[in-house]
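# What the coordinates show
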Amino acid sequence: MGRGRQKAKATKQARDMKYFSPATDYSALQRELTGPGSRASTRRTEPLEPVEPDYSEYADKYADELDDDGEESGSRRTG
């Protein structure tokens, strides 16, 4: 087969694959994604966003040891 026929065949196959749309069984897809015996809405037991820890007691505890710019007051570097 020459290059022209080979390229035409490859183009035809690519076009067939591009425009091919198989019949999709959406109920089977739903069953596969949700798993056996469980519902998608009841599976999530963890919160959507992580809970931020409360650092306020540490901020008060170490506030006098830090300057306004966040550096320790006793360890200034010179040089």
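Predicted, not measured: the structure shown is a model, and the values here were computed from it.

A cluster of nonpolar residues, Tyr26, Leu29 and Leu33, forms a patch on the protein surface that exposes about 360 Å² of accessible area. Mapping Leu29 onto the fold places it in helix H2 (residues 26-34).

Applying the stated criterion across every chain, the model contains 1 salt bridge. A salt bridge links Lys12 to Asp16; the shortest N-O distance between them is 3.6 Å. Taken together, the positions of Lys12 and Asp16, both in helix H1 (residues 3-19) and 4 residues apart, correspond to about one turn of that helix. Residue Lys12 is classed as exposed on the basis of its relative accessible area of 52%.

Moving on: the confidence of the model for the chain. In the predicted model, the chain carries a mean pLDDT of 77, and 67% of its residues have values of at least 70. When pLDDT is averaged over each helix and strand of the chain, the minimum, 80, is found for helix H3 (residues 56-62) and the maximum, 92, for H1.

Calculation rules
Residues numbered from 1 in each chain as written. Predicted model: local features only at pLDDT ≥ 70, side-chain atom pairs only at ≥ 80, totals over all residues. Heavy atoms only, no water. Patch = residues over 30% accessible without salt bridge, like charges linked within 9 Å, V, L, I, M, F, W, Y side chains within 5 Å. Areas by Shrake-Rupley, 256 points an atom, 1.4 Å probe, with all protein chains shown as cover. Salt bridge = Lys/Arg side-chain N within 4 Å of Asp/Glu carboxyl O. Helix = DSSP H or I, 4+ residues; strand = E, 2+ residues; numbered from the N terminus. Buried < 20%, exposed > 50% of the residue type's maximum accessible area, 1.4 Å probe, protein only. pLDDT = per-residue confidence, 0-100.

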